[in-house]
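So the chains spell out like this:
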Amino acid sequence: MAQNEDVFKKIISHAKEYGFVFQSSEIYDGLSAVYDYAQNGVELKNNIKQYWWKSMVQMHENIVGIDSAIFMHPTIWKASGHVDAFNDPLIDNKDSKKRYRADVLIEEYLEKQNDKIEKEVEKAAKRFGDAFDRQQFVSTNARVLEYRAKIDTVHTRFVKAMETSDLAEVKKIIEDCEIVCPVSGSRNWTEVRQFNLMFSTQMGSVSEDASTLYLRPETAQGIFVNYLNVQKTGRMKIPFGIAQTGKAFRNEIVARQFIFRMREFEQMEMQFFVRPGTEMEWFEYWKKTRLDWHLALGIPVEKYRYHPHDKLAHYANAACDIEFEFAFGFKELEGIHSRTDFDLSQHQKFSGKKLQYFDPELNENYVPYVIETSIGLDRTFLTVLSHAYCEEKLEDGSERVVMRIPGILAPIKCAVLPLVAKDGLPEKAREILSILMPDFMCQYEEKDSIGKRYRRHDAIGTPYCVTIDHQTLQDNMVTIRHRDTMEQHRIPVEKIAETLRDAIRLN
RNA sequence: GCGGAAGUAGCUCAUUUGGUAGAGCGAAAGCCUUCCAAGCUUUAGGUGGCGGGUUCGAGCCCCGUCUUCCGCUCCA
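> Can you help me understand the protein's contact with RNA strand B in this one?
Close to RNA strand B lie 41 residues; Lys16, His82, Tyr454, Asp469 and Met486 are nearest. Near the protein, within 4 Å, the atoms of RNA strand B are sugar or phosphate in 51% of cases. With respect to RNA strand B, the side chain of threonine 479 contributes an N or O atom lying 3.1 Å from a base nitrogen. Arginine 481 has a polar side-chain atom sitting 3.0 Å from a base nitrogen of RNA strand B. No other element matches the six residues that helix α15 (residues 450-460) contributes to the surface near RNA strand B. Among the residues making up the surface near RNA strand B, the classes are represented as eleven nonpolar, ten polar and 20 charged.

> Whenever I open this one, the nonpolar core confuses me. Can you help?
In a soluble, globular protein the nonpolar side chains are often hidden away together inside. One finds Phe20, Leu44, Phe381, Ile405 and Leu409 to be the most contacted residues of the largest nonpolar core, which totals 55 residues. Elements supplying a minimum of two residues to this core: α1 (2-17), α2 (39-58), β10 (264-274), α11 (279-295), β12 (318-326), β13 (329-340), β16 (369-376) and α13 (377-388). If near-sequence neighbours (up to four positions away) are discounted, leucine 44 is found in contact with Phe20, Phe381, Val384, Leu385, Ile405, Leu409 and Pro411.

> I'm lost on unusual backbone geometry in this one. Help?
Apart from glycine, the bulk of residues carry a negative phi angle, and the bulk of peptide bonds sit in the trans form. Of the consecutive residues isoleucine 238 and proline 239, the connecting peptide bond is found in the cis state with omega at 5°. Of note, proline 239 is situated in the loop between α10 (227-233) and β9 (240-249). Even without a glycine there, the phi angle at asparagine 476 is positive, about 60°. Asparagine 476 gets classed as partly exposed once you look at its relative accessible area, which sits at 26%. The residue methionine 486 is not glycine, and still its phi comes out positive at about 65°. Along the polypeptide, methionine 486 turns up in the loop between β22 (477-482) and β23 (488-492).

> Would you take a moment to explain the sheet that holds strand β19 (residues 414-418) for this structure?
One open sheet accounts for five strands, arranged β20-β19-β21-β22-β23; its pairing is mixed. The open sheet has two edge strands, β20 (442-444) and β23, and neither has a second partner. The sheet shows a mean angle of 25° between the axes of neighbouring strands, taken without regard to direction. Here strand β21 (residues 464-468) pairs with β22 via four bridges, running antiparallel. Among the inter-strand pairings, valine 466 is bridged to a residue of β22, identified as isoleucine 480. Strands β19, β21, β22 and β23 of the sheet are contacted by helix α17 (residues 496-503), whose axis makes an angle of about 170° with β21.

> Which parts of the structure should I look at to understand the pattern of salt bridges?
Proximity of charged atoms lets side chains of opposite charge pair with each other. In the structure shown here, the tally under the stated rule is 33 salt bridges. Salt-bridge contacts for glutamate 169 lead to arginine 157; the nearest nitrogen and oxygen are separated by 2.8 Å. One end of the pair, glutamate 169, is in helix α8 (residues 167-176); the other, arginine 157, is in helix α7 (residues 142-163), with twelve residues separating them in the sequence. With relative accessibility at 25%, the residue arginine 157 sits in the partly exposed group. Of the charged contacts, one joins aspartate 448 and arginine 456 as a salt bridge, the two residues approaching to 3.1 Å between their closest N and O atoms. Each of Glu392, Arg400, Arg404, Asp458, Arg481, Arg483 and Asp484 takes part in a single network of salt bridges with overlapping partners.

> Would you take a moment to explain the sheet that holds β12 for this structure?
Strand pairing within a sheet occurs via backbone hydrogen bonds; the two strands may be parallel or antiparallel. On the basis of which strands lie adjacent, the open sheet formed by seven strands has the order β3-β9-β10-β16-β13-β12-β11 and mixed pairing. Edge positions in the open sheet fall to β3 (63-65) and β11 (304-308), since each of these has one partner strand only. Going from strand to strand, the sheet's axes swing by 25° on average, the running direction of each strand aside.

> Would you mind showing me how to read the layout of surface pockets here?
Empty space among the atoms becomes visible once a probe the size of a water molecule is rolled across them. Of the voids in this model, the largest pocket is the one considered here, and its volume is about 1200 Å³. At seven residues, β13 tops the list of elements feeding residues into the lining of the largest pocket.

> What is the right way to look at the packing of helix α5 (residues 102-128) against α8 in this model?
At a minimum axis separation of 10 Å, α5 and α8 run at an interaxial angle of 35°. When the axes of α5 and α8 are compared, the crossing they make is left-handed. Each of Ala102, Leu105 and Ile106 in α5 lies in contact with α8, whose residues at this interface are Val170, Ile173 and Ile174.

> What is the right way to read empty space enclosed by the protein from this model?
Applying the stated criterion across every chain yields a total of one cavity of 30 Å³ or more. Taken together, Leu297, Ile299, Val384, His387, Ala388, Arg404, Ile405 and Pro406 make up the full set of residues lining the largest cavity. Across the lining of the largest cavity, the residue classes tally to six nonpolar, one polar and one charged.

> Help me out: how do you make sense of α15 in this one?
In an α-helix, one turn spans 3.6 residues; hence positions three or four apart end up facing the same way. Those residues of α15 not exposed but buried are Arg453, Tyr454, His457, Asp458, Ala459 and Ile460. Looking one or two places after α15, you find glycine 461, whose phi comes out positive at around 85°.

> When you look at the environment of phenylalanine 358 in this model, what are you seeing that I'm missing?
Within the secondary structure, phenylalanine 358 sits in strand β14 (residues 357-359). Residue classification places phenylalanine 358 among the partly exposed residues on the basis of a relative accessible area of 43%. Separated by 121 residues in the primary sequence, phenylalanine 358 and lysine 237 have C-alpha atoms spaced 9.3 Å apart. Excluding anything up to four places from it in sequence, phenylalanine 358 contacts Asn363, Glu364 and Asn365.

Rules and cut-offs
Residues numbered from 1 in each chain as written. Chains lettered and ligands numbered in written order. Predicted model: local features only at pLDDT ≥ 70, side-chain atom pairs only at ≥ 80, totals over all residues. Heavy atoms only, no water. Near = heavy atom within 4 Å. Polar contact = N/O pair within 3.5 Å; in protein donor to acceptor, adjacent residues only side chain to side chain. Helix = DSSP H or I, 4+ residues; strand = E, 2+ residues; numbered from the N terminus. Nonpolar A, V, L, I, M, F, W, Y, C, P; charged D, E, K, R; others polar. Core = buried A, V, L, I, M, F, W, Y, C linked by side-chain atoms within 4.5 Å. Buried < 20%, exposed > 50% of the residue type's maximum accessible area, 1.4 Å probe, protein only. Contact = heavy atoms within 4.5 Å. Pairing = 2+ DSSP bridges. Axes fitted to C-alpha atoms, helices over the stretch in contact; angles between N-to-C directions. Salt bridge = Lys/Arg side-chain N within 4 Å of Asp/Glu carboxyl O. 1 Å grid on protein atoms, 1.4 Å probe; cavity = no way out; pocket = protein on both sides within 12 Å on 5 of 7 lines; lining within 4 Å. Points joined across faces, edges and corners; volume = space filled by probe spheres on them. Left-handed = near helix turned anticlockwise from the far one by under 90°.

Structure follows, in structure tokens:
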């Protein structure tokens with residue numbers, strides 16, 4: 001494990017040194033858990049996205065894509081359950097290190113005060129026997145009145161604080177009531193924090209009538225709310241899918257492990273709409289299909305595993321993750337969820353619009369069930385990077401770092417290199433470059449020895465280097481050098497494009 | 001979020017008890033011309049993460065803050 005972490009650190013610094021990933025706002029000391037993709041990283045990321053899009057949309061006649069906006073109607077997040085599920089004020093006890101819901105602590109305190117009143121009532125009832133008048137007792141007894149007044153004051157403050165989201169006041173109530181931690185018994189509390197994983201912002205420039213919008217915490221809802229539009233205008237027949245890639249935002253309390261858990265990240269999702277009752281078949285189908293997609297990248301099957309969920313989310317009746325073995329263990333890379341008709345039904349309810357499908361075979365209307373495949377683009381990027389990174393010992397004893405990125409994903413497909421920067425070789429090289437450029441991401445380099453240039457391209461995963469020498473000027477043949485094997489042979493200039501095309505084809 | 005550690009050039013790291021920062025690699029320009037990083041010359045690049053304090057004097061000591069890493073916690 002320690003060795004793995006070592007390699008992981010090397011991958012992170014390699015990613016920076018060779019222009020894959022930079023920390024966001026680095027010259028301002030950085031922004032926690034936010035990263036930028038650099039010149040090579042953006043190519044790799046775009047290639048992964050395109051590879052996913054082609055295998056999901058282009059290769060399936062019953063799947064289409066959309067690109068919905070990040071801003072959506074705020075009610076969507078009420079319907080989806082995001083607003084309610086994540087709005088708790090939390091507080092930690094510094095001594096026991098336990099975390100509590102601040103509102104629950106206060107409610108428990110109020111209950112205890114009520115219990116005290118009840119005890120007084122019981123005692124008095126025993127004392128007075130049959131003559132006891134509860135109503136009269138509670139409205140006149142000094143102690144009870146004192147408790148009652150306290151409860152009322154705290155309750156009023158509490159309700160107001162919760163309504164206005166005044167967290168400092170919530171903390172103050174806990175302090176004023178001298179509430180202690182049930183575990184440590186101490187009153188050493190942290191500040192109260194709102195645990196809401198959605199980022200919010202304002203729409204409308206005048207603050208009084210501005211409305212609160214959320215940055216979407218998942219891309220899925222953009223598909224659900226467009227379900228009917230796409231189904232009608234695309235004349236889609238069930239079963240069919242809608243795919244989308246895009247940014248999502250989560251205000252994670254702890255976001256770490258490089259680009260594995262970021263506050264701003266990109267998802268690649270596909271929601272597959274099926275006839276109710278057939279969802280488990282499709283669930284199994286997509287589990288297999290998606291794993292095959294990962295394996296097609298050439299990463300060995302041992303690096304992956306299924307992780308079925310025991311505890312299901314409120315919307316699901318089956319869920320399974322595809323996990324990848326990162327340096328820090330097996331972690332979720334993609335989720336396959338059977339979301340039932342939860343989302344569409346919720347949107348029906350909240351929007352008042354029917355989101356149904358008329359199935360001509362069954363001759364009936366129903367709300368479709370949904371199988372979701374949701375993969376993290378940044379995590380896939382990290383997977384590719386982790387698996388590609390290789391420190392290799394060569395026969396002559398020297399070492400090289402080579403990124404064995406699958407050709408279809410490599411940032412640069414081909415480096416065009418004149419053997420020496422004179423005798424007309426640069427001119428010839430640029431001539432070849434201009435032929436390749438429209439179809440392939442290429443890079444021209446003439447600085448430094450040829451060996452050094454090969455190694456530089458190994459380090460960013462360029463699968464092919466084409467070298468132009470004096471002989472080329474005579475016979476129009478170049479040396480093509482393969483990244484992984486380091487083998488080289490001569491091919492005619494006209495064959496370069498063909499070779500590259502074979503190497504980066506979608507299988 | 002809590003606890004621990006760290007932050008010096010693009011990278012890896014020096015700078016013995018506090019006395020105003022160096023190297024290697026890398027980069028750029030030029031020379032050389034050689035199919036697997038290794039030749040020569042020159043140049044650029046650091047208000048020592050940032051802010052404050054102690055001191056005649058702080059990269060070094062103290063406080064705060066930001067970021068990263070490790071552990072815990074959390075995680076539709």
